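So the chains spell out like this:
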Amino acid sequence: MTQATHLLAIDQGTTSTRAIVFNGQARPVATAQAEFAQHYPQPGWVEHDPEDIWRDVLGTAREALAKAGLSARQVAAIGITNQRETAVIWDRATGEPIHRAIVWQDRRTADVCQALKSDGAEPLVGARTGLLIDPYFSGTKVAWMLDHVPGARARAERGELAFGTIDSFLLWRFTGGRVHATDVTNAGRTMLYDIHRQCWDEDLCRLLRVPLQILPQVHDNAHEFGTTAPGLFDAPIPIAGMAGDQQAALFGQACFGAGEAKSTYGTGCFMLLNTGETAFTSHNRLLTTPAYRLGGRMTYALEGSIFVAGAAVKWLRDGIGVITHARDTDDMATQVPDSHGVYMVPAFAGLGAPHWDPDARGAIFGLTLGSTQAHLARAALEAVGYQTLDLARTMEADGARYPAALRVDGGMAANDWLCQFLADLLETTVERPAHLETTALGAAFFAGLATGVWSGLDDLAATWTCSRRFVPVMDAAKRQGLVAGWHDAVSRTLSRPA
Ligand SMILES: Nc1ncnc2c1ncn2[C@@H]1O[C@H](COP(=O)(O)OP(=O)(O)O)[C@@H](O)[C@H]1O
Ligand SMILES: O=P(O)(O)OC[C@H](O)CO
């Protein structure tokens, strides 16, 4: 009999989908990737076509297995990790989405959120979910679809529709419509899930006008969720790991101890600090979120969420054509001694932590006739550093035990200039692992734990290796000057005074 020793991780991100095959030593052996279309039907709206996502997930999964020369029989399990909060509603009978997915960056429900805040709902939402009221989270997006797709609310109340974040939609498709489930980390981003009692919250469902019958079942991250339907692969594969991408990255970075943190630089940037079994409450507008649940035991994290990191670089490439490749920014930032006083505040999708200003919009300050493309590129990278610094300082202000070294990952962490700038600004060591695909690795870890490929966290921690450490070298006066300029730029970007 063929031994199943490999794991297939699906990383369904905001701009691309990756499938990576890992061997039993947690080394990637084959990767397939596909970028997909972003839809911006109105300013501030962002949508994805769930059919594009499913096509790419299946396509990249098959391609990665083929590249690895593996049969599905040699795969112990699939682990799914996903862009979080993005909401899909589909018909249970046909599996067809009733609307394009509303993406986490989408701001269309800003007014609904403002009304909820004005009605004084924020303390209840905070106490139950660990979140703030913001269009970022799934709940108001779900209600929007039920209200705007003709007949949807009535169908939802009759039990004909299912809601899920991307993980849940993919699980439904992988299992041929047999399983409607999610995991605690994705449920924890809906604004409908009580992260302390660990169940859907009826009061919040009523408040947000989301019928309970459309919600998925919620499980641990390492769990036998289901098995792939016949015909998808040359043999059925169990789906045994599921987690939101930021929590998967924390797990893939082996940040298992309280006080360990990582920052992931993809489309956005998300810094998560493991706080152990304590759900740490922020007094400075950070989020409390499930980090992972194993064997029914929850580990929590404190999270700082920045909506635009790599997205600013993508905008330089696709929006205004200043660069050809994202990686060009590394050389361009090095070519100039500084940003020439240019600051970019990338509030393209409002501002996340610690400002939570959905109405702020992006701005570039300090342009002169001497400003060049290189200055713009450098300002975009610098903005990512400054925003990370704001998160780190906010965590400190909350009294959270902050790590001695910050582990970084995500596509943008390949940028050496950015990693050095982060070390300089944060005045801390920045550690970059040998494999930047820690999000996918985290999903593989969960799937491997559920199926016995790995026996416990010690096994996983032993696989983590650092490829490069960046240590701070910038002098204090320079740093303080730069940071003061950033705070001035942010204060001029906020839609209301800070
Ligand atoms: N070398 C680089 N320097 C700067 N930005 C980069 C680099 N490589 C990738 N990026 C940016 O990182 C993002 C891709 O990272 P990825 O982790 O794949 O994102 P996601 O999972 O959100 O789709 C893109 O927005 C891209 O512009
Ligand atoms: O696509 P990413 O990797 O930037 O992640 C998106 C986040 O999960 C949104 O909360």
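Note that the structure is a prediction, hence the values are computed from the model and not measured. (Residues numbered from 1 in each chain as written. Chains lettered and ligands numbered in written order. Predicted model: local features only at pLDDT ≥ 70, side-chain atom pairs only at ≥ 80, totals over all residues. Heavy atoms only, no water.)

## Some details on the overall build of the protein chain
- Along the backbone of the protein chain there are 16 helices and 23 strands.
- Dimensions of the protein chain, computed from the C-alpha atoms along their principal axes, are close to 60 × 55 × 45 Å.
- Sorting the 498 residues of the protein chain into buried and exposed places 63% on the buried side.
- A separation threshold of at least 6 residues defines the contact pool for the protein chain, and within that pool the share at least 24 residues apart is 73%.
- Summing over all exposed atoms, the protein chain offers an accessible surface of approximately 17,600 Å²; the carbon and sulfur share of this is 51%.
- Counting 42 positive and 53 negative side-chain charges, the protein chain places the centres of these two groups 1 Å from one another. (Helix = DSSP H or I, 4+ residues; strand = E, 2+ residues; numbered from the N terminus. Buried < 20%, exposed > 50% of the residue type's maximum accessible area, 1.4 Å probe, protein only. Contact = heavy atoms within 4.5 Å. Areas by Shrake-Rupley, 256 points an atom, 1.4 Å probe, with all protein chains shown as cover. Lys, Arg positive; Asp, Glu negative; His and termini not counted. Charge placed at Lys NZ, Arg CZ, Asp CG, Glu CD.)

## Here's the deal with the confidence of the model for the protein chain
- Within the protein chain, residue pLDDT values average 95, and 99% of them lie at 70 or more.
- The ipTM, which scores confidence in the relative placement of chains, is 0.96 for this predicted complex, and the corresponding pTM is 0.94. (pLDDT = per-residue confidence, 0-100.)

## Here's the deal with the site of ligand 1
- Around ligand 1 sit 18 residues in total, of which T15, R18, T267, G310 and G411 are the nearest.
- Take R18: an N or O atom from its side chain is 2.9 Å from an oxygen atom of ligand 1.
- Within the side chain of T267, an N or O atom sits 2.5 Å from an oxygen atom of ligand 1.
- Notes on ligand 1: free accessible area 570 Å², of which the protein chains cover 85%.
- Those elements that provide at least two residues to the shell around ligand 1 are β2 (16-22) and α10 (310-319).
- Among the elements that make up the shell around ligand 1, the one with the highest residue count is α10 (4 residues). (Near = heavy atom within 4 Å. Polar contact = N/O pair within 3.5 Å; in protein donor to acceptor, adjacent residues only side chain to side chain.)

## Some thoughts on the side chain of S305
- Within the fold, S305 resides in strand β18 (residues 297-306).
- Within the structure, the side chain of S305 is placed 2.8 Å from the side chain of E303, a separation counted as a polar contact.
- If near-sequence neighbours (up to four positions away) are discounted, S305 is found in contact with Y136, R189, C269, F270, L287, G352, A353, W356 and L391.

## Digging into the packing of α10 against helix α12 (residues 373-397)
- Two elements in contact, α10 and α12, have axes whose closest approach is 8 Å; the angle formed by their N-to-C orientations is 160°. Relative to α12, the element α10 lies roughly antiparallel. By crossing handedness, the relation of α10 to α12 is classed as right-handed. Contacts between α10 and α12 involve A312, V313 and L316 on the former and, on the latter, L376, A377, A380 and L381.
- The residue makeup of the contact of α10 with α12, split by class, is 7 nonpolar, no polar and no charged. (Axes fitted to C-alpha atoms, helices over the stretch in contact; angles between N-to-C directions. Parallel < 35°, antiparallel > 145°, perpendicular 65-115°, else oblique. Left-handed = near helix turned anticlockwise from the far one by under 90°. Nonpolar A, V, L, I, M, F, W, Y, C, P; charged D, E, K, R; others polar.)

## So, the UniProt feature "domain: Carbohydrate kinase FGGY N-terminal" (unreviewed entry) in the protein chain
- When the UniProt feature table is mapped onto this chain numbering, "domain: Carbohydrate kinase FGGY N-terminal" (unreviewed entry) sits at residues 8-252.
- Note that residues 8-252 is 33% helix and 27% strand, and that its end C-alpha atoms are spaced 14 Å apart. (UniProt positions renumbered as here; feature names shortened; annotations may be inferred.)

## Brief notes about the site of ligand 2
- Residues in close proximity to ligand 2 include T14, Q83, R84, E85, W104, Y136, D245, Q246, G266, T267, G268 and F270, which together make up its full environment.
- Taking T14, its side chain carries an N or O atom lying 2.4 Å from an oxygen atom of ligand 2.
- Here an oxygen atom of ligand 2 and a side-chain polar atom of Y136 are 2.7 Å apart.
- In isolation ligand 2 offers 310 Å² of accessible surface; the protein chains occlude 94% of this area.
- Partitioned by chemical class, the residues of the shell around ligand 2 number 3 nonpolar, 6 polar and 3 charged.

## Regarding unusual backbone geometry
- Cis peptide bonds are those with omega within 30 degrees of zero, and the linkage from A353 to P354 qualifies with -5°.
- Topologically, P354 is positioned in the loop between β19 (343-345) and β20 (363-365).
- Positive phi is not limited to glycine here, since M191 has a value of about 75°.
- With relative accessibility at 1%, the residue M191 sits in the buried group.
- Non-glycine residue R285 carries a positive phi angle of around 70°.
- Looking at the secondary structure, you find R285 in the loop between β16 (269-276) and β17 (287-294).

## Remarks on the environment of C255
- Here C255 is to be found in the loop between α9 (245-252) and β15 (261-265).
- Sequence spacing of C255 and A461 is 206 residues, and the spatial spacing of their C-alpha atoms is 8.3 Å.
- When neighbours within four sequence positions are excluded, C255 is seen to be in contact with L250, E260, A261, K262, N274, Y292 and R407.

## Concerning the pattern of salt bridges
- Tallied over the full model, the rule gives 39 salt bridges.
- One salt-bridge network, held together by shared partners, links R128, D194, R197, D201, D203 and R206. (Salt bridge = Lys/Arg side-chain N within 4 Å of Asp/Glu carboxyl O.)

## Focus on the UniProt feature "binding site: sn-glycerol 3-phosphate" (unreviewed entry) in the protein chain
- The UniProt record annotates "binding site: sn-glycerol 3-phosphate" (unreviewed entry) at T14, R84, E85, Y136 and D245.
- Here T14 lies in the loop between β1 (6-12) and β2.
- In this structure, T14 is in contact with F36, Q38, H48, Q83, V103, W104, Q105 and T267, ignoring residues within four places of it in sequence.
- With respect to the element layout, Y136 can be found in the loop between α3 (122-129) and α4 (138-148).

## A short note on the packing of α9 against helix α14 (residues 438-450)
- Remark: α9 packs on α14, axes separated minimally by 7 Å, with the N-to-C direction vectors making an angle of 80°. The pairing of α9 with α14 is recorded here as roughly perpendicular in orientation. Two secondary-structure elements touch here, α9 through D245, A248, A249, F251 and G252 and α14 through T438, T439, L441, G442, A443, F445, F446 and L449.
- Of the residues belonging to the contact of α9 with α14, the class tally is 8 nonpolar, 4 polar and 1 charged.

## Quick notes on α3
- Taken together, the buried positions of α3 are E122, V125 and T129. All buried residues of α3 lie within an arc of 65° about the axis, which places them on one face of the element.
- Looking at the packing, one finds that the buried side of α3 touches α2 (110-118), β10 (193-194), α8 (202-208) and β17.
- Immediately beyond the C-terminal end of α3, within one or two residues, lies G130, with a positive phi of roughly 80°. (Arc of directions from axis to C-beta.)

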